[in-house]
Amino acid sequence: MTESPTALTTAPPTTTGVRESCRSAESFVTSDKDALPPYDDACVPLTSYRRITNMTASDAERLFLKSRQRVKSYGEVFTPRPMVDQMLDLVSDDLEMGEEFVDKTFLEPAAGDGNFLVAILQRKLAAIEERFDPSIWSRESLFAIASVYAIELLEDNHRDAHDALLGEFVKFHESHGTRCGPRTDLFRAAAFIVRTNVVRGNTLTGRTPGGQEIEFSWWIRQPGDPEMTKREPFTLNSLRDPGAFDFTVYVSYEPCPIHHVHKKANADV
Ligand SMILES: C[S@@+](CC[C@H](N)C(=O)[O-])C[C@H]1O[C@@H](n2cnc3c(N)ncnc32)[C@H](O)[C@@H]1O
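These numbers were taken from a predicted model, which means no experiment stands behind them.

Enquirer: Mind laying out the overall build of the protein, listing which residues take part and the relevant values?
Expert: Along its length, the protein carries nine helices and seven strands. Across the 269 residues that make up the protein, the buried fraction comes to 34%. Long-range contacts, defined here as pairs at least 24 residues apart, represent 63% of the contacts in the protein between residues at least 6 apart.

Enquirer: A description of the confidence of the model for the protein should follow, citing residues and the corresponding values.
Expert: In the predicted model, the protein carries a mean pLDDT of 81, and the fraction of residues at 70 or more is 72%. Low confidence marks residues 9-34, where pLDDT is under 50. Its contacts with residues over four positions away, or in another chain, come to 51 contacts. Confidence drops under a pLDDT of 50 for residues 39-47, and excluding neighbours within four residues, the segment shows 16 contacts in the predicted structure.

Enquirer: I'd like to hear about unusual backbone geometry, residue by residue, with values.
Expert: Even without being a glycine, Glu100 presents a positive backbone phi close to 55°. Along the chain, Glu100 turns up in the loop between α5 (92-97) and β2 (106-108).

Enquirer: Requested: an account of the environment of Pro233, with residues and values cited.
Expert: Looking at the secondary structure, you find Pro233 in strand β6 (residues 225-235). C-alpha of Pro233 to C-alpha of Val251: the two residues are 18 residues apart in sequence and 7.2 Å apart in space.

Enquirer: Kindly report on the nonpolar core, identifying the contributing residues and their values.
Expert: In terms of nonpolar packing, the biggest core is built from 43 residues, with Leu117, Leu121, Ile145, Val148, Leu165, Ala190 and Ile193 touching the most fellow members. Only β2, α6 (115-131), α7 (137-145), β3 (148-152), α8 (155-175), α9 (185-197) and β5 (215-222) provide two or more residues apiece to this core. Discounting chain neighbours no more than four positions away, the residues touching Ile145 are Leu121, Phe169, Ala190, Ile193 and Val194.

Enquirer: Requested: an account of the environment of Ser67, with residues and values cited.
Expert: Topologically, Ser67 is positioned in helix α3 (residues 57-74). With ten residues separating them along the chain, Ser67 and Val77 place their C-alpha atoms 9.1 Å apart.

Enquirer: A description of α6 should follow, citing residues and the corresponding values.
Expert: Over its 17 residues, α6 extends 24 Å from the first C-alpha to the last, a length consistent with the 24 Å expected when each residue adds 1.5 Å. Along α6, the residues classified as buried are Asn115, Phe116, Leu117, Val118, Ile120, Leu121, Lys124, Leu125 and Ile128. Its buried side turned inward, α6 meets α4 (81-89), α5, β2, α7, β3 and α8.

Enquirer: Explain the sheet that holds β5 residue by residue, including any values.
Expert: Within a sheet, adjacent strands bond to each other through the backbone by hydrogen bonds, running parallel or antiparallel. Taken in spatial order, the three strands of this open sheet run β5-β6-β7, and their pairing is antiparallel. The strands lining the two open edges of the sheet, one partner per strand, are β5 and β7 (256-257). As defined by bridge partners, β5 adjoins β6 across eight bridges and the pair is classed as antiparallel. By the bridge assignment for β6, Ser217 is matched with Pro233.

Enquirer: Break down the environment of Gly167 for me, with residues and values.
Expert: Here Gly167 lies in helix α8. Here Gly167 falls in the partly exposed class, since 15 other C-beta atoms lie within 10 Å of it. Along the primary structure Gly167 and Ala191 are separated by 24 residues, whereas in three dimensions their C-alpha atoms are 9.7 Å apart.

Enquirer: How would you summarise the pairing of β6 if you had to cite specific residues and measurements?
Expert: Here β5 folds back onto β6, and the loop between the two strands holds two residues, one of which, Gly224, carries a positive phi near 90°. One ladder, built from two bridges, connects β6 with β7; its direction is antiparallel. Paired with Thr229 across the two strands is Cys256, which belongs to β7.

Rules of the game
Per chain, residues are indexed from 1 in the order of the written sequence. At least 70 in pLDDT is required for a residue's local features to be given in this predicted model, at least 80 for side-chain atom pairs to be given and counted, and no such filter applies to totals for whole chains, interfaces and linings, which use all residues. Strands are runs of DSSP state E lasting at least 2 residues, helices are runs of H or I lasting at least 4, and numbering of each runs from the N terminus. In this scheme the burial state of a residue depends on its C-beta neighbours within 10 Å: 20 or more other such atoms mean buried, 12 or fewer mean exposed, and anything in between means partly exposed; the C-beta positions come from the backbone. A residue pair is marked as a contact if its C-beta atoms, positioned from the backbone, fall within 7 Å. As a per-residue measure, pLDDT tells how confident the predictor is, with possible values from 0 to 100. Connectivity within a nonpolar core runs through C-beta atoms within 7 Å, and the core itself is a set of buried Ala, Val, Leu, Ile, Met, Phe, Trp, Tyr and Cys residues. Expected span of a helix: the number of residues minus one, times 1.5 Å. Only strands that DSSP links by at least two bridges are regarded as paired with each other.

Structure below.
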């Protein structure tokens, strides 16, 4: 059965949980959606610590002013890792301890530069390493990254969040001597999943900068073959409806090995 994404604040993997997750998620994002400045104004550089490199004093001054403006307009304050970990400890069962922890989904509604995404993936991968045979690490790591979803409003933060999540995946495999360069299926499948799961848009309206519905995909394991997954698209806004998950409205995809999701044509074309 399909379970709902756990947000940063809630654990219950039920349909009700989705709606509660969405509601509590909204406390993390800008509260007045009409007050948000237009996307184009938002694309000013350099507030994430990941992007802070050598800079001149005048650049630093400009950065400070931009940052102040972004804190005011978008609530752009990043959570320190110890606090991220304390929050994740509250959902440790879903994240790393319980049965089927790999597939328990998490939705970050205001991703920033990816602090929570990286921590979630790191902790899932550590649990995979501890509990599973190395022969299935690559498959399980793909299902793990497929369980992490995010939305971010600002273009630069969105790019950083995407890169940070994918970078964490690559780091895990390279630290174990597994090839995960840009030409490998392992990398390509992970990059495809991250592109699909980490979306630029407005969590409050459920829309992308172009005005389309924010669409996610569920990566459903196929019974009888642990390598196989089936991609089922749904919209963010459908999670707020009583029925939840408007799977049937969208194109469907044939099941395929998770290492090959980037190659899979959609079944309806
Ligand atoms: C307070 S930061 C938090 C970042 C990250 N969650 C963390 O704790 O490190 C808020 C982020 O939410 C984004 N944001 C604000 N309003 C949003 C909205 N309506 N939809 C999506 N993202 C939003 C901002 O651009 C910013 O990157």
